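Spelled out from the first residue to the last, the chains are:
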Amino acid sequence: MEYNLADLFESIVDVVPDREALVYVDHPGTGAERRLTYGELDAAANRIAHHLLDSGLKAGEHLGLHLYNGIEYLQTVLAALKARLVPVNVNYRYVEEELVYLYRDADLAGLVFDAEFTERVAGALPQTEKLRHLVRVGALPEGAPALDAVPFAEAEAAGSPGRGFGARSADDLFIIYTGGTTGMPKGVMWRQEDLFFAGLFGGEPSGQPIARPEELAERVAANSPGLTFFPAPPLMHGTSTLTSFVAFNYGQRVAIHRKYTPEDVLRTIEKEKVSSVSLVGDAMLRPLIDALRGPLKGADLSSLFSVSSSGAIMSETVRAEFQALAPHVMLLNNFGSSESGSSGRATSDSGPEKGFRLEVNDRTQVVDPLTHEPVPVGEPGRLAQRGHVPLGYYNDPAKTAETFFQKGAERWVLLGDMATVDESGIVTILGRGSQCINTGGEKVYPEEVEQALKSHPDVYDALVAGVADAKWGSHVAAVVQVREGAPEPSLNEIQTHCRTKLAGYKIPRQLVIAPSIQRSPSGKADYRWAKTVASEADGTG
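Residues numbered from 1 in each chain as written. Predicted model: local features only at pLDDT ≥ 70, side-chain atom pairs only at ≥ 80, totals over all residues. Heavy atoms only, no water.

> Before we go on, may I ask you to explain the overall build of the chain in this structure?
Secondary structure assignment for the chain yields 16 helices and 27 strands. Over its C-alpha trace the chain gives a radius of gyration of 23 Å, about what one expects of a compact globule, namely 24 Å for 541 residues. For the chain, the C-alpha atoms occupy an extent of roughly 65 × 55 × 50 Å along the three principal directions. Burial analysis of the chain (541 residues in total) assigns 58% to the buried set. Sequence-distant contacts in the chain: of pairs separated by 6 or more residues, those separated by 24 or more amount to 67%. Total accessible area on the chain stands at roughly 21200 Å², and carbon and sulfur atoms take up 50% of it. Here the chain contributes 51 positively and 70 negatively charged side chains, and the mean placements of these two sets differ by 2 Å. (Helix = DSSP H or I, 4+ residues; strand = E, 2+ residues; numbered from the N terminus. Rg over C-alpha atoms; globule rule 2.2 N^0.38 Å. Buried < 20%, exposed > 50% of the residue type's maximum accessible area, 1.4 Å probe, protein only. Contact = heavy atoms within 4.5 Å. Areas by Shrake-Rupley, 256 points an atom, 1.4 Å probe, with all protein chains shown as cover. Lys, Arg positive; Asp, Glu negative; His and termini not counted. Charge placed at Lys NZ, Arg CZ, Asp CG, Glu CD.)

So this is what it looks like as structure tokens:
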């Protein structure tokens, strides 16, 4: 047995087949529920895996998942892994042109898609010559083109529930496409063994990783059920899918919703006695706070042990608001990326005054981006990670060469985050290098300014971008969503507030009030949108 995700999952199924693995709750729709034990989920995934192989797809080919959250998403990921197909996440917000790019760039041979996306799939299909097998989840919408797609229920019924698959390998691939908020999305190629240790904590997030593959099932057999993990963001983003697999590797239960609705999240926490919720930053935590103060006031959160965020930070101000409502819940700002897996966790004193400070793992360093050597204490550099890192970007050798390198006997990945390190090894994240604003020769990182803005009592959400400036080269522009019922702050008020937390050159010189802040479905910042909005308001766009 190797560190192969399908092999590891099957080893868990064999020791706890009757333990509940997955629950889907549809609050806003029919109120329907669907529950699967580990044995039932295994058989359901086997059926889809056999259908995909019987359709002519071959080991090593790529299978797209163009789906909302649902049982079918995780079932299909497992099916792909079992069949040695490479699962590829597809952003369901993409329009036809973006889908053509991703389908082609990823060399998709098969696609499992929600019926709601039929028209977009139909529009992209003629330009994606390698895509030859389609499976549709749900009924065909009225008036939608009748694609040559097999209904998911038929595919499931036709496939065998047994295993009977060939030998698998730790070298089998898992591809995670990035969100593309700062450029075209890129497919990060992970060996499954590397992903298991870097993204799934080696089977043990809070302790010692397993030393041999068989140990995972041994630990699960010795553990009692009782924990429920609730990945709230879309499964199409790597964080939620990996969170689900972390839960499976514990032999515990996963709860999912089709879409993120804060009131329904709280109802499910109550009903299913959820232990841990994962989300993405203030964009998801703040609506949860609003619901706890309003329609779901008094919701029972006694089962909830932790709320964790990765992909975007929960700001100090918003964390304090949530802690006032649920003081027993631990809030965790995790730090990682599609290219690194987990890199570390924020310290308790992270905030506008001290910055976003991390306790990093022993695989992470701050290095000079040119020499790849560790930078001196206090000097800015780039985060880098070694050991269990991806092979590179699919179909992009130039970007792979820029980002991944060999140092001695180890592979490294050079991440996009600028950072410094202090004498005790604590890393302070300055921000994404690609988003850095150069104003009058000084560097400003948007995340730092955003934290200061969000601490203003009337600011609900904010993004910061650089706008062309004849005098300064660029100036700092704040795009702000005001809290409901609050007065719109003036630029002067915002500047006065920020001066208590930021150096003068970091203070926004422009303020744009927006009805809402545009983010990805997972809550990640859309800086291209913010820059466009600010530039148009300034007359430079």
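> Would you explain the packing of helix H10 (residues 262-272) against helix H11 (residues 281-293) in this entry?
Helix-helix packing is characterised by the crossing angle of the two axes and by the distance between the axes. At a minimum axis distance of 8 Å, the contact between H10 and H11 shows a crossing angle of 70°. When the interaxial angle is binned, H10 and H11 end up roughly perpendicular. For the pair formed by H10 and H11, the contact residues are Pro-262, Glu-263, Val-265 and Leu-266 on the first element and Pro-287, Leu-288, Ala-291 and Leu-292 on the second. A class-by-class count of the residues in the contact of H10 with H11 yields seven nonpolar, no polar and one charged. (Axes fitted to C-alpha atoms, helices over the stretch in contact; angles between N-to-C directions. Parallel < 35°, antiparallel > 145°, perpendicular 65-115°, else oblique. Nonpolar A, V, L, I, M, F, W, Y, C, P; charged D, E, K, R; others polar.)

> Any chance you could explain empty space enclosed by the protein here in plain terms?
Empty space left among the atoms is revealed by rolling a probe the size of a water molecule over them. In the structure shown here, the tally under the stated rule is two cavities of 30 Å³ or more. When its volume is computed, the largest cavity comes out at roughly 110 Å³. Along its surface, the largest cavity is lined by 15 residues, and Tyr-73, Asn-89, Phe-174, Ile-175 and Thr-241 are the ones closest to its centre. Classifying every residue of the lining of the largest cavity by side-chain character gives 11 nonpolar, four polar and no charged. (1 Å grid on protein atoms, 1.4 Å probe; cavity = no way out; pocket = protein on both sides within 12 Å on 5 of 7 lines; lining within 4 Å. Points joined across faces, edges and corners; volume = space filled by probe spheres on them.)

> Looking at this model, I keep getting lost on the environment of Leu-235. Mind explaining?
With respect to the secondary-structure elements, Leu-235 resides in the loop between strand S10 (228-231) and helix H9 (238-250). Relative accessible area serves as the criterion here: at 0%, Leu-235 is assigned to the buried category. Considered as a pair, Leu-235 and Ser-309 are 74 residues apart in the sequence and their alpha carbons are 14 Å apart. Those residues in contact with Leu-235 that sit more than four places away from it in its chain are Asn-69, Gly-70, Tyr-73, Leu-74, Ser-240, Thr-241, Ser-244 and Ile-256.

> So what exactly am I meant to see when it comes to the nonpolar core here?
As a rule of thumb, nonpolar side chains are buried together in soluble globular proteins. Ranked by size, the top nonpolar core spans 105 residues in total, and within it Tyr-103, Phe-196 and Phe-248 carry the most contacts. The element contributing the most residues to this core is helix H3 (residues 71-82), with eight residues. Leu-285, Ala-291, Ala-326 and Leu-331 belong to the second-largest nonpolar core, a separate cluster that totals 28 residues. (Core = buried A, V, L, I, M, F, W, Y, C linked by side-chain atoms within 4.5 Å.)

> Can you help me understand helix H16 (residues 527-538) in this one?
Along an α-helix, a turn takes 3.6 residues, which lines up residues three or four apart on a common side. Its 12 residues place the ends of H16 16 Å apart at the C-alpha level, agreeing with the 16 Å of an ideal helix rising 1.5 Å per residue. Among the residues of H16, those classed as buried are Tyr-527, Trp-529, Ala-530, Ala-534 and Ser-535. If you follow the buried residues of H16, they end up packed against helix H14 (446-454), strand S25 (459-469), strand S26 (473-482) and strand S27 (510-513). Once H16 ends, the next one or two residues include Gly-539, with phi positive near 85°. (Expected span 1.5 Å × (residues − 1).)

> Any chance you could explain helix H2 (residues 38-54) here in plain terms?
Across its 17 residues, H2 extends 24 Å between first and last C-alpha, which sits within 8% of the 24 Å expected from 1.5 Å per residue. All buried positions along H2 are accounted for by Tyr-38, Leu-41, Asp-42, Ala-44, Ala-45, Asn-46, Ile-48, Ala-49, His-50, His-51 and Leu-52. Trailing H2 by a residue or two, Gly-56 shows a phi angle of about 110°, which is positive.

> I tried to follow unusual backbone geometry on my own but got confused; where do I start?
Excluding glycine, residues mostly have negative phi values, and the peptide bonds linking residues are mostly trans. Positive phi values are uncommon outside glycine, yet Arg-84 reaches one of about 65°. Its place among the elements puts Arg-84 in the loop between H3 and strand S4 (86-89). The class of Arg-84 is partly exposed, set by a relative accessible area of 30%. Despite not being glycine, Asp-107 has its phi angle at roughly 55°, a positive value.

> Looking at this structure, I do not really get the packing of H11 against helix H12 (residues 316-325). What am I missing?
Viewed as axis vectors pointing N to C, H11 and H12 meet at an angle of 35°, and their least axial separation amounts to 10 Å. For the pair H11 and H12, the crossing hand works out as left-handed. Across the interface between the two elements, Asp-282, Leu-285, Arg-286, Leu-288, Ile-289, Leu-292 and Arg-293 from H11 touch Thr-317, Val-318, Glu-321, Phe-322 and Leu-325 from H12. Considering only residue class, the contact of H11 with H12 consists of seven nonpolar, one polar and four charged. (Left-handed = near helix turned anticlockwise from the far one by under 90°.)

> Is there a simple way to think about the side chain of His-456 in this case?
Positionally, His-456 belongs in the loop between H14 and S25. In terms of polar contacts, His-456 uses its side chain to reach the backbone amide nitrogen of Asp-458, at 3.0 Å. With residues up to four places along the chain from it excluded, the contact list for His-456 reads Pro-489, Ile-494 and His-497. (Polar contact = N/O pair within 3.5 Å; in protein donor to acceptor, adjacent residues only side chain to side chain.)

> What is the right way to look at the pattern of salt bridges in this model?
A side chain of one charge can pair with a side chain of the opposite charge if their charged atoms are brought near each other. Using the criterion set out here, one finds 40 salt bridges in the structure. Between Glu-321 and Arg-293 there is a salt bridge whose closest N-O contact spans 3.9 Å. Of the two residues, Glu-321 is situated in helix H12 and Arg-293 in helix H11; the sequence distance between them amounts to 28 residues. Classification of Glu-321 by relative accessible area gives buried; the value is 15%. Notably, a salt bridge pairs Lys-399 with Glu-402, separated by 3.6 Å at the nearest N-O pair. (Salt bridge = Lys/Arg side-chain N within 4 Å of Asp/Glu carboxyl O.)

> What exactly am I supposed to notice about the pairing of strand S9 (residues 187-191) here?
For a regular strand, side-chain orientation follows a simple rule: the groups alternate between the two sheet faces. Most of S9 is tucked away, with five of its five residues classed as buried. Pairing of strand S8 (residues 173-177) with S9 involves five bridges; the strand directions are antiparallel. Counterpart to Phe-174 in the pairing with S9 is Trp-190. With two bridges connecting them, S9 and strand S19 (residues 392-393) associate as antiparallel partners. Considered in S19, the bridge of Val-188 is made with Tyr-393. (Pairing = 2+ DSSP bridges.)

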